[in-house]
Amino acid sequence: YFPSPAAANIKFLFEGIKANRLQLILNRHLDPSRSDKHGTPDLFLFALNPINNRVSATRFVEVKKPEEPLSVVQVEEIQFLREIGLKARLLRLNEM
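Here we summarise the structure given alongside this text. Numbering of residues starts from 1 in every chain and runs along the sequence as written. In keeping with the model being predicted, local features are shown solely for residues with a pLDDT of at least 70 and side-chain atom pairs are shown and tallied solely at 80 or more, while totals for entire chains, interfaces and linings include all residues. Excluding hydrogens and water, the side-chain values take into account all heavy atoms of the structure.

## Re the pairing of strand β3 (residues 88-92)
Step number 1: Criterion used throughout: strands pair if DSSP finds at least two bridges between them. Secondary structure is summarised from DSSP: a helix means a run of H or I of at least four residues, a strand means a run of E of at least two, and numbering begins at the N terminus for each. As paired elements, strand β2 (residues 55-64) and β3 share five bridges and run parallel to each other. The residue bridging K64 from the neighbouring strand is R92, located in β3.
Step number 2: We call a crossover right-handed when, viewed with the strands running away from us, the connection from the first strand over the helix to the second turns clockwise. Following the backbone out of β2, through helix α3 (residues 72-83) and into the adjacent parallel β3, one traces a crossover that is right-handed.

Pasting the structure below:
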């Protein structure tokens, strides 16, 4: 039910993650033994270098309320992303 991302954003995803790490993520998420595990972070953020319009930084971010716990699979997913050399973190919202 979600619209597809713009083609340019898919290009930046590929550029920021690199093909070998994207393949590792796909292998993990397409593994039939993980079909009931949904720990993918909420956001993929990237920054572009204003001079050459290339990806200069990337982050996977899981967003939670102040007291909302991470699930076991979310912790495992963040750890996996870090193990393959990607930056992944938890961001807690400060609701007002």
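So, next bit.
## A few points about the layout of surface pockets
Think of a ball as big as a water molecule: rolled over the atoms, this probe shows where empty space is left.
Step number 1: The rule is simple: put a 1 Å grid over the protein atoms alone, call a set of points where a 1.4 Å probe fits but cannot get out a cavity, call an open set with protein on both sides within 12 Å along at least five of seven lines a pocket, and count a residue as lining if it has an atom within 4 Å of a point. Grid points are joined across faces, edges and corners, and a volume is the space filled by probe spheres set on the points. Within this model, the largest pocket holds a volume of roughly 400 Å³.
Step number 2: For the lining of the largest pocket, the elements supplying multiple residues, two or more each, are α1 (7-17), α2 (19-30), β1 (43-48) and α3.
Step number 3: Put simply, Ala, Val, Leu, Ile, Met, Phe, Trp, Tyr, Cys and Pro go in the nonpolar bin, Asp, Glu, Lys and Arg in the charged bin, and everything else, Gly too, in the polar bin. Residues that form the lining of the largest pocket fall into these classes: 13 nonpolar, three polar and two charged.

## Some thoughts on the pairing of β1
Step number 1: Taken together, the six bridges between β1 and β2 define a ladder with antiparallel strand orientation. Residue pairing for β2: F46 is matched across the bridge by T58.
Step number 2: Connecting β1 to the next strand, β2, in antiparallel fashion are six residues, including N53 with a positive phi near 60°.

## A few points about the nonpolar core
Step number 1: Note on terminology: a nonpolar core comprises buried Ala, Val, Leu, Ile, Met, Phe, Trp, Tyr and Cys residues joined through side-chain atoms within 4.5 Å. Only protein chains enter the area calculation, which uses a 1.4 Å probe; residues under 20% of their type maximum are buried, those over 50% are exposed, and those in between are partly exposed. Core analysis: the largest hydrophobic core is formed by ten residues, namely I17, L22, I25, F60, I78, F80, L81, I84, L86 and A88.
Step number 2: Counting only elements with at least two residues in this core, the list comes to α2 and α3.
Step number 3: With three residues, the top contributor of residues to this core is α3.
Step number 4: Sequence-distant contacts of F80, defined by excluding residues within four places in its chain, comprise L24, I25 and R28. We call two residues in contact when some of their heavy atoms are within 4.5 Å.

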